[in-house]
Amino acid sequence: MKFSRREGVASFLALAATACAPGTLGGAGAGSGQGETLKDLAARSGRRFGSELAFGRPGEDRGSFANPLYAEILERECEVLVPENELKWAWTRPSASTFDFRQFDAMGDYATAKGFALRGHTLFWAPEKWFPQWLVAHDFGAQPIKAAETMLTEHVRTVCRRYGPRIGSYDVVNEAVEPETGALRDTVMTRAMGGGEPMLDLMFHTARSEAPHAQLVYNDYMSWERGTEDETHIAGVLKLLEGFRKRGTPVDALGIQSHIRLLKDAPVAEIVRESEGPWRRFLDAVVAMGYDLVITEFDVNDREAPDDIAIRDRMVADYARAYLDIMLGYEQLGDVLAWGMVDRYSWLTGFDPRADKSIKRGTPYDAQFRAKPLREAIAAAFATASSRHG
Ligand code: 9MR
């Protein structure tokens, strides 16, 4: 979709009207966070709120800092930013011997100039499907462990030294556990390294020595909705986290992506009732091992929610509120990042589309940059959360 000038101006006026009109942003009554920004409300609970953003050029219709309508929302609501894609190997590693940081540099410069904190996503995305093509075909030679160690170490060192203290938290490894089996994924990289555990351990140890200031996160998408695959995924992640502790691997926090899903047309309360108990047991086990928690990629997949926009938005908001209330009950939860602030640019619409093919409504602002009930739900969850620092 092209972003015409006229559409841009109309959207901007709509946004300005929304931003200025009291009552359109907040929920009903005191304590709901009415009128306050998400970052301010998060700060009151001792946390930071933020979002991913994408690279874009001026005039491009993207969830980018180059789009003034989007940048305005980021600057008002967010304290932390994370690149949606631009730090992944598929973007930064055109070949085994070269790096290209031009896109992320532009985003990082914007973030720093505007006073945002940054998260780094990700030093390694584990499923082979997301490797750059050259890596899938790479020949690690006669001493594969040494060659793989050199490649991974060089990557971590290059990124961490380039950005230094500007990146305060890294998804060091993303999605290493296979949901279907709970085992670590088997890829050209883990085979070269002689296994998944040595690979992950090397990544975290290298990140700790190259970025001693940074929070080191293992990030994954195990979700709280019940289903056989989710149980297996959760068990696999717990096993991995236990292993890190046994081996003394320096991992500070579990990144819970939180792409929560309204995948069946059932009352929200029913889905929450089914999910809550087992999910709390999982979180309790994670924090008992001394890990902190981060919500790294929050959004709501409304694939099976009703077509009616008002009903759908209400369900999305109520579902998000129930989930966030549980998560915010953990003092170990720090940063909360949305995977995008505006439905117009959300990855959700293209992924697993709705039967009616309509745009998904899983981020806080709609396609015309107007705040939705989901924004109110996030605001109210922060406003009513107890402060993590007492
Ligand atoms: O939102 C991202 C989308 O734009 C990319 O096409 C895709 C592949 O690079 O990755 C999406 O982000 C994913 C994130 O990096 C890891 N967790 C799942 C996210 C949604 O698929």
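The structure we're discussing is the one just above.
What you are looking at is a predicted structure, and each value in this text was computed from that prediction instead of being measured. (Residues numbered from 1 in each chain as written. Predicted model: local features only at pLDDT ≥ 70, side-chain atom pairs only at ≥ 80, totals over all residues. Heavy atoms only, no water.)

Section: the packing of helix H7 (residues 144-163) against helix H9 (residues 196-210)
Definition in use: Between N-to-C directions, angles cover 0 to 180 degrees, with each direction set by a line fitted to C-alpha atoms, over the stretch in contact for helices. A run of H or I in DSSP counts as a helix once it spans at least four residues, and a run of E counts as a strand once it spans at least two, with each numbered from the N terminus. In this scheme, roughly parallel covers angles under 35 degrees and roughly antiparallel covers those over 145, while 65 to 115 is roughly perpendicular and the rest are oblique. Each crossing is labelled by how the near helix is turned from the far one, with a counterclockwise turn of less than a right angle marking it left-handed and a clockwise turn marking it right-handed. What makes two residues a contact is simply this: any of their non-hydrogen atoms within 4.5 Å. When residues are grouped by polarity, Ala, Val, Leu, Ile, Met, Phe, Trp, Tyr, Cys and Pro land in nonpolar, Asp, Glu, Lys and Arg in charged, and all others, Gly among them, in polar.
Between H7 and H9, the shortest axis-to-axis distance is 9 Å and the interhelical angle comes to 30 degrees. Our classification of the angle between H7 and H9 gives roughly parallel. In the packing of H7 onto H9, the handedness of the crossing is right-handed. Contacts from Glu149, Leu152, Thr153, Val156, Arg157, Cys160 and Arg161 of H7 reach H9 at Met199, Leu202, Met203, Thr206, Ala207 and Glu210. Grouping the constituent residues of the contact of H7 with H9 by class yields seven nonpolar, two polar and four charged.

Observations regarding the site of the ligand
Threshold: Nearness is judged by heavy atoms alone; a residue qualifies as near a molecule or strand once a single heavy atom is within 4 Å of it. Pairs of N or O atoms within 3.5 Å make up the polar contacts considered here, provided that, within protein, one atom can donate a hydrogen while the other can accept it, and that residues adjacent in sequence are counted only when both atoms are side-chain atoms.
Around the ligand, the structure places 13 residues, and the nearest of them are Glu84, Lys88, His121, Glu297 and Trp339. Side-chain polar atom of Asn85 to an oxygen atom of the ligand: 3.2 Å apart, as the coordinates give it. Between a nitrogen atom of the ligand and a side-chain N or O atom of Gln257, the distance comes to 3.1 Å. Partitioning the shell around the ligand into residue classes produces four nonpolar, five polar and four charged.

Here we look at helix H3 (residues 68-77)
Put simply, the rule is: Only protein chains enter the accessibility calculation, which uses a 1.4 Å probe; a residue whose area is less than 20% of its type maximum is buried, one above 50% is exposed, and one in between is partly exposed.
Among the ten residues of H3, seven are classified as buried, and the element is accordingly described as predominantly covered. The N-terminus of H3 is capped by Asn67, whose side-chain oxygen sits 3.0 Å from the backbone nitrogen of Leu69.

Observations regarding H9
This is how it is decided: One fewer than the residue count of a helix, multiplied by 1.5 Å, yields its expected span.
For H9, with 15 residues, the first-to-last C-alpha span of 21 Å sits near the 21 Å given by 1.5 Å per residue. Of the positions making up H9, those classed as buried are Gly196, Met199, Leu200, Asp201, Leu202, Met203, Phe204, Thr206, Ala207 and Glu210. Of the surrounding elements, those touching the buried residues of H9 are H7, strand E4 (167-174), helix H8 (188-193), strand E5 (215-220) and helix H10 (228-247).

What about the environment of Glu77?
Looking at the element boundaries, Glu77 is found in helix H3. Its relative accessible area of 0% is what places Glu77 among the buried residues. For the pair Glu77 and Pro250, spaced 173 residues apart in sequence, the C-alpha to C-alpha distance is 32 Å. With near-sequence residues (within four places) excluded, Glu77 lies in contact with Thr37, Leu38, Lys39, Phe49, Met341, Tyr365 and Arg375.

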